[in-house]
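The primary structure of each chain is shown beneath.
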Amino acid sequence: MHLRLLGTTGYHPTDRRQTACLMLPEIGVVLDAGTGMYRVGRLLETNTLDIFLTHSHLDHIIGLTYLFSVLAGHEQVAVRVHGQAAKLEAIAEHLFAPAIFPAMPPLTWQPLAERVSLQNNGRLSWFPLNHPGGSVGYRLDWPDRSMAYVTDTTANPQADYVDRIRGVDLLVHECYFPDGKEELAQSTGHSCATPVAQVARAASVRRLLLVHIDPSADSQDPGLEKMKAIFPQTQIAEDGQAIDF
Ligand SMILES: [Zn+2]
Ligand SMILES: [Zn+2]
């Protein structure tokens, strides 16, 4: 399975990184619609586009307003936006209020079912995460591979979600802060480096890819060497990167 990283930061974009957006072009799936969403159009190769939102903070949804240009030349593509019902309602009401954005793109809202079928005999499941306002993580399984996406939460190897991501081939996990910012991580609902590596180890995943890197940090390395000492197969994601897993 082929994964494209279209946005690897949170909060606001930088010259190096757009905000949260991952894409699995073969099956027409996008995870989060941050500013990286503008890059989806050039990778579209399916007649359906399923966008799964982790939550409705702006850095994960603003790209829904880019759909008109994403779909230019792809008018036949059916777009479904999946997320928790209350979040979808908030987006429809506020992001697409006429005073904020002039038109509703051609899409259907799809409140999250417990399980969703994916192309290539895949299935997607979700689980709740601790974050101000609430967020969800996703696990995607195919007969011969699997991945999980966990963002906007405070990593903890004892957290309930560790069981839900157990054994995946690829864990894409947020890592907003280096170690030493534990209090800030807790109050903002984000993660410091060491607990993220501990989660990967506790869940026995095959590899760990770090996203949602703090855009305002001088160093774009939240502590890779330290994390590798805990979980060797750790990598910091970059925009544009293609991963086969
Ligand atoms: Zn975020
Ligand atoms: Zn958030």
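The structure this text deals with has already been given above.
Reference entry: report on the structure contained in this document.

The rules behind each value
- Residues numbered from 1 in each chain as written.
- Chains lettered and ligands numbered in written order.
- Predicted model: local features only at pLDDT ≥ 70, side-chain atom pairs only at ≥ 80, totals over all residues.
- Heavy atoms only, no water.
- Helix = DSSP H or I, 4+ residues; strand = E, 2+ residues; numbered from the N terminus.
- Rg over C-alpha atoms; globule rule 2.2 N^0.38 Å.
- Contact = heavy atoms within 4.5 Å.
- Areas by Shrake-Rupley, 256 points an atom, 1.4 Å probe, with all protein chains shown as cover.
- Pairing = 2+ DSSP bridges.
- Axes fitted to C-alpha atoms, helices over the stretch in contact; angles between N-to-C directions.
- Buried < 20%, exposed > 50% of the residue type's maximum accessible area, 1.4 Å probe, protein only.
- Donors = N, O, S within 2.8 Å, 3.2 Å for Na, K, Ca; no water.
- Tetrahedral: all angles 85-135°; square planar, octahedral: opposite > 155°, others 65-115°.
- Polar contact = N/O pair within 3.5 Å; in protein donor to acceptor, adjacent residues only side chain to side chain.

### Things to note about the overall build of the protein chain
Then comes step 1: Along the backbone of the protein chain there are seven helices and 14 strands.
Then comes step 2: In summary, the protein chain has a C-alpha radius of gyration of 17 Å against a globular reference of 18 Å for 245 residues, a match within 12%.
Then comes step 3: Here the C-alpha coordinates of the protein chain stretch approximately 50 × 40 × 30 Å along the principal axes.
Then comes step 4: Within the protein chain, contacts between residues separated by at least 24 positions form 58% of all contacts whose residues are at least 6 apart in sequence.
Then comes step 5: Looking at the protein chain as shown, the accessible area adds up to about 10400 Å², and 49% of this sits on carbon and sulfur atoms.

### Side note on the sheet that holds strand β4 (residues 48-52)
Then comes step 1: Reading across the sheet, the seven strands line up as β6-β5-β4-β3-β2-β1-β14 and stay open at both edges, with mixed pairing between neighbours. The open sheet has two edge strands, β6 (108-111) and β14 (242-244), and neither has a second partner. On average, each strand axis in the sheet is inclined to that of its neighbour by 25 degrees, with strand direction left out of account.
Then comes step 2: In this structure, strand β1 (residues 2-7) lies alongside strand β2 (residues 21-24), joined through three bridges in antiparallel fashion. Within β2, the residue paired with Gly-7 across the bridge is Cys-21.
Then comes step 3: Where helix α3 (residues 85-95) meets the sheet, its contacts fall on β5 (78-83) and β6, and the angle it forms with β6 comes to roughly 155 degrees.

### Some points on helix α6 (residues 193-202)
Then comes step 1: The buried fraction of α6 is high, at seven of 10 residues.
Then comes step 2: Burial in α6 covers these residues: Ala-193, Thr-194, Pro-195, Val-196, Ala-197, Val-199 and Ala-200.
Then comes step 3: Those residues of α6 that are buried are in contact with α4 (161-164), β11 (170-174), β12 (207-211) and α7 (224-230).
Then comes step 4: Phi turns positive, to about 50 degrees, at Ser-204, one or two residues after α6.

### Structural notes on the coordination of the zinc ion (ligand 1)
Under ideal tetrahedral coordination, the four donors around a metal are separated by 109.5 degrees; under ideal octahedral coordination, the six donors are separated by 90 or 180 degrees.
Then comes step 1: Surrounding the zinc ion (ligand 1) are the protein donor atoms Asp-59 (OD), His-60 (NE2), Asp-152 (OD) and His-212 (NE2), at 2.1 to 2.4 Å.
Then comes step 2: Around the zinc ion (ligand 1) sit four donor atoms; with metal-centred angles ranging over 94 to 158 degrees, the donor geometry is irregular.
Then comes step 3: In this structure, the zinc ion (ligand 1) lies 3.7 Å from the zinc ion (ligand 2), and both are coordinated by Asp-152. One end of the pair, Asp-59, is in helix α1 (residues 58-61); the other, His-212, is in the loop between β12 and α7, with 153 residues separating them in the sequence. Taken as a pair, Asp-59 and His-212 share a single burial class, namely buried.

### What to know about the side chain of His-55
Then comes step 1: For His-55, the location among the structural elements is in the loop between β4 and α1.
Then comes step 2: By relative accessible area, which is 2% here, His-55 ends up buried.
Then comes step 3: Reaching out from His-55, the side chain makes a polar contact with the side chain of Thr-54 at a distance of 2.8 Å.
Then comes step 4: Here His-57 takes part through its side chain, which lies 3.2 Å from a polar atom of the side chain of His-55.
Then comes step 5: Discounting residues that sit within four places of it in the chain, His-55 has contacts with Asp-32, His-60, Ile-61, His-131, Gly-134, Ser-135 and Asp-152.

### Focus: the coordination of the zinc ion (ligand 2)
Then comes step 1: All of the protein donors around the zinc ion (ligand 2) are His-55 (NE2), His-57 (ND1), His-131 (NE2) and Asp-152 (OD); their distances to the metal are 2.2 to 2.3 Å.
Then comes step 2: When the donors of the zinc ion (ligand 2) are listed by position in the chain, the intervening gaps give H-x1-H-x73-H-x20-D.

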